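# Understanding the architecture of this molecule
What follows is each chain in one-letter form.
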Amino acid sequence: MPLIESIGCKEKYLQCWYADDSACAGKLSYGYFAEPTKSFLVVTKQYEEEAKELFKDHGVIVVLGHRFLGGVIGDKDSQKSYIHGKVDGWVKCVQHLSHAATKTLQAAFASMTKSLQCEWGFIQRVVPDCSDEFIVLQDTIKKCFLPALFDGSLSDAELQLFVLPTRLAGLGVLDPTSMPTEIFKTSKQGTVVIANALTGKDTFCHVSHLDALNEARQMHRKVQEDLHQSSLESILAKFTHERQRSIRRAIKDCKTGVLVIERHNEVRDCLGDMAAQVWSQVVREPIVKEADSKADGPGLRADLGIRGVWTPQVEALCDIKVIDTDAPSHLHRTPESILDTGALEKKKLYKKAVEDRRDYEDVLVSLVGQCSAHIYGTVIIRPNDSTPWVISVGWL
């Protein structure tokens, strides 16, 4: 630190340090003893020949651009060349992960989402206008990695869906070409206090830096969320009505991810298979309420329709809700209270629609919660009788 402060001169040149590595821009009058053969002089094209002539006897390497603190400084061609080299390495890494996904699926997925994609995320924060260089990486992810996760080909709509965050029915495998401009803009806005301090425009204030950083992050999250929401709506339009319903329900029921929908479908199919052994007519997704095109009202479907459960020749409607009682938001509640909340939600959803039906069909709602043991509860919604809302069936 004393050496850095003693050779600093904001009026003549700018410098920044990272550990024992230094960089300086401006007219230097004195400094420290550097290793010429390990030093790079970055100049513009018009001064390249002159710089090489001046430093030819000293071993200083004169370049138009060079890597610096994980990014690159210099002209556009040097930036593109550097990014191409990094992208080529990432493409090979994605190909290796695609091969590994055939044997160790979870390890390959975690390596991609928790490690590898963070590397090019950093590059996009420090290098502007580099989206075109990431197109080949985007193609590799969509054509190699994502199909390897599912052991088969995927449609364009599925590929677009899976690059969304998990809370929006995606996998969190981010598209490297989606927001590089916004990412760089956010990084620049968040580090404006540090940049001004380094260039001598202002003194560094830690509180001001945190305020600028938080403000930039909030603005970025808003832009990112708007982009993801608009992308989700356009993607859902490409799916069938049944798949749209499953995706929307998964997004609504699971705030942090939609893998719960697979458990939901497993429970539905299991109940349907068992019901078919007892009753003669079991159908999937029966209509409880038709969609109202005039009022633009959504329709309502149950998961199973089983004829003769309570009354001969009368259909009972079964809707399944999967609840993870180990979720962080449920840790302060008992499993019973969690099931009660789920029962009230189903009551609110189905009660009006059931009362509007002339035959007053029963609605049977099975709630399945997962904790140290599996809890099975049944909610029976019957208009005009005193049947309890919640009946505990048993413990496994």
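Residues numbered from 1 in each chain as written. Predicted model: local features only at pLDDT ≥ 70, side-chain atom pairs only at ≥ 80, totals over all residues. Heavy atoms only, no water.

## Quick look at the side chain of Gln79
Under the convention used in this document: For helices the rule is a DSSP run of H or I covering at least 4 residues; for strands it is a run of E covering at least 2, with both sets numbered from the N terminus onward. Two residues qualify as a contact provided that any one of their heavy atoms is within 4.5 Å of a heavy atom in the partner residue.
Along the chain, Gln79 turns up in helix H3 (residues 76-101). Beyond its immediate stretch of four places on either side in the chain, Gln79 contacts Val72, Gly74, Val127 and Pro128.

## Comments concerning the pattern of salt bridges
The line we're drawing: A carboxyl oxygen of Asp or Glu within 4 Å of a side-chain nitrogen of Lys or Arg is what we treat as a salt bridge.
Counted by the stated rule, this structure contains five salt bridges. As a salt-bridge pair, Glu48 and Lys45 come within 3.3 Å of each other at their nearest N and O atoms. As a salt-bridge pair, Asp269 and Arg268 come within 3.2 Å of each other at their nearest N and O atoms. Put simply, Lys45, Glu48 and Lys52 are held in one network by salt bridges that share partners.

## What about the packing of aromatic side chains?
For any two aromatic rings, the description comes down to two numbers: the centre-to-centre distance and the angle of the planes. Spelled out, the test is: Classification of ring pairs rests on two measures: the distance between centres of Phe, Tyr or Trp rings, Trp counted by its six-membered ring, which must be within 6.5 Å, and the angle between planes, read as stacked under 30 degrees, edge-to-face over 60 and tilted in between. Three exposure classes are used, based on accessible area relative to the maximum for each residue type with a 1.4 Å probe and protein chains only: buried under 20%, partly exposed in between, and exposed over 50%.
One pass over the full model with this rule turns up three aromatic pairs. Ring centres 5.8 Å apart and planes at 65° place the aromatic pair Trp90 and Trp120 in the edge-to-face group. Note that Trp90 is positioned in helix H3 and Trp120 in helix H4 (residues 105-126), a separation of 30 residues in sequence. Side by side, Trp90 and Trp120 carry an identical accessibility label, which is buried. Ring geometry for Phe150 against Phe162: centres 4.7 Å apart, planes inclined by 15°, an arrangement best described as stacked. Placement of Phe150 in helix H5 (residues 135-150) and of Phe162 in helix H6 (residues 156-162) is noted, with a sequence separation of twelve residues between them. Residue Phe150 is classed as partly exposed on the basis of its relative accessible area of 40%. Put simply, the rings of Trp90, Trp120 and Phe134 pair up and form one aromatic cluster.

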